[in-house]
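A structural walkthrough
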Amino acid sequence: MNKKPSSPSAAVHSGVSGFTLFELLSAVSILGILTAALIPSITGAIESARGTVCRNNLRQMIIAAHAYECEYGEMPPSFERNPAAGTTRTWEDFLWGYDERALTPAASRQVHQCPSFKGAANWGGDHYTGYNYNASYIGAERWIINGAPDPGDPPSASLCDIKHPERCAVFGDGQYESGANKFMRSPFPGPLDAGAGLASAGTQGFRHRGRTTNVAFADGSVRVLRDRHTQTASRTAPAKNCGFLSPDNTLYTTE
């Protein structure tokens, strides 16, 4: 004898049920809590990776500067200007061996992009942003007069001139209130400075995790510094999150 099939209503009410409103709200709340807990960790991991990329960039720069010094007997100039030709080359061009007619490859430009720096370049058409070079003690200005370097210009420093290379900053996270700066300045005038007014335009950006700055020293080391100093001979105070590496010229000088 055949069994009578179950009615549709019996199948619906066989004990299978969905989430209650309370259970759904509880699940959403738990997901919200987990997301809020994970976001700082993810953000911290991203910024840590950016800091690693930045330090690697600086490491490549100091290696290139050592190679330049070995070939020419002095560190690269901070810039070279030829008023007659209307050309300017900056330390980045010398660092990678380009002349004013050469196009800078994208790969080399990328080395000069600090991933944590989002500001504007120094001027229109400038491909280099995010880093600066010690122009108070290391890189001298060079002017081309009548087709030749002006003999009255002081030379850039050589590695032999630097008595304590482990504490002489060469490259770092350049930044001031208007964006990028190429030329690192000591808080008080150095031998290659035209005056104290340049200092606050040549500060370091303490932009990694909002409190640290990366620096490449003359001995080839790249270190993270946390102490931001604001004392300077300049009349203008450093901008927010910007400052100097030492309270005096200790971490800039060749002495």
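In what follows, the structure referred to is the one given above.
Just so it is clear, the structure is predicted and the values come from calculations on it, not from any experiment.

1. Notes on the side chain of aspartate 173
Relative to the helices and strands, aspartate 173 resides in strand S6 (residues 169-173). Of note is the side chain of aspartate 173, whose polar atom sits 3.1 Å from the side chain of arginine 207. A polar contact is formed between the side chain of aspartate 173 and the backbone nitrogen of asparagine 214, at a distance of 2.8 Å. Setting aside anything within four residues of it in sequence, one finds aspartate 173 in contact with Cys54, Cys114, Gly130, Tyr131, Asn132, Thr203, Gln204, Gly205, Arg207, His208, Thr213 and Asn214.

2. Quick word on the nonpolar core
One recurring pattern in soluble globular proteins is that nonpolar side chains are buried together. If you look at the biggest cluster of nonpolar residues, it comprises 27 residues, and the most contacted ones within it are Leu58, Met61, Trp91 and Phe171. Elements with a minimum of two residues in this core: helix H2 (21-72), helix H3 (91-95), strand S3 (131-134) and S6. Among the elements that take part in this core, H2 stands out by supplying 6 residues, more than any other. Those residues in contact with phenylalanine 171 that sit more than four places away from it in its chain are Leu58, Met61, Ile62, Ala65, Trp91, Leu95, Asn132, Tyr133, Met184, Asn214, Val215 and Ala216.

3. With respect to the environment of cysteine 168
Its location among the elements puts cysteine 168 in the loop between strand S5 (148-149) and S6. Considered as a pair, cysteine 168 and glutamate 255 are 87 residues apart in the sequence and their alpha carbons are 8.7 Å apart. The residues contacting cysteine 168, other than those within four sequence positions of it, are Asn134, Ile138, Ile162, Ala216, Phe217, Ala218, Leu251, Tyr252 and Thr253.

4. Focus: the sheet that holds S3
Across the sheet, 5 strands lie side by side as S7-S3-S6-S9-S10; this open sheet has mixed pairing. Every interior strand has two partners, whereas the edge strands, strand S7 (183-184) and strand S10 (222-225), have only one. Alignment of S6 against strand S9 (residues 213-217), held across 3 bridges, turns out to be antiparallel. Paired with glycine 172 across the strands is valine 215, a residue of S9.

5. Structural notes on the packing of aromatic side chains
Evaluation of the coordinates by the stated rule reveals 6 aromatic pairs. Between the aromatic rings of tryptophan 91 and phenylalanine 171, the centroid separation amounts to 5.2 Å while the plane-to-plane angle is 35 degrees, which identifies the pairing as tilted. Of this pair, tryptophan 91 sits in helix H3 while phenylalanine 171 sits in strand S6; the two residues are 80 residues apart in sequence, bridging distant segments of the chain. Note on tryptophan 91: relative accessible area 0%, which makes it buried. For phenylalanine 171, a relative accessible area of 0% translates into the label buried. A connected cluster of aromatic rings, assembled from ring pairs, spans Phe79, Trp143 and Phe183. Positioned above the aromatic ring of phenylalanine 79, the side-chain terminus of arginine 81 is 4.2 Å from the ring centre. When the ring centre of tryptophan 123 is taken as origin, the NZ or CZ atom of lysine 182, which lies over that ring, is 5.4 Å away.

Rules and cut-offs
Residues numbered from 1 in each chain as written. Predicted model: local features only at pLDDT ≥ 70, side-chain atom pairs only at ≥ 80, totals over all residues. Heavy atoms only, no water. Helix = DSSP H or I, 4+ residues; strand = E, 2+ residues; numbered from the N terminus. Polar contact = N/O pair within 3.5 Å; in protein donor to acceptor, adjacent residues only side chain to side chain. Contact = heavy atoms within 4.5 Å. Core = buried A, V, L, I, M, F, W, Y, C linked by side-chain atoms within 4.5 Å. Buried < 20%, exposed > 50% of the residue type's maximum accessible area, 1.4 Å probe, protein only. Pairing = 2+ DSSP bridges. Phe/Tyr/Trp six-rings, centres within 6.5 Å; stacked < 30°, edge-to-face > 60°. Lys NZ or Arg CZ within 6 Å of the ring centre and 35° of its normal.

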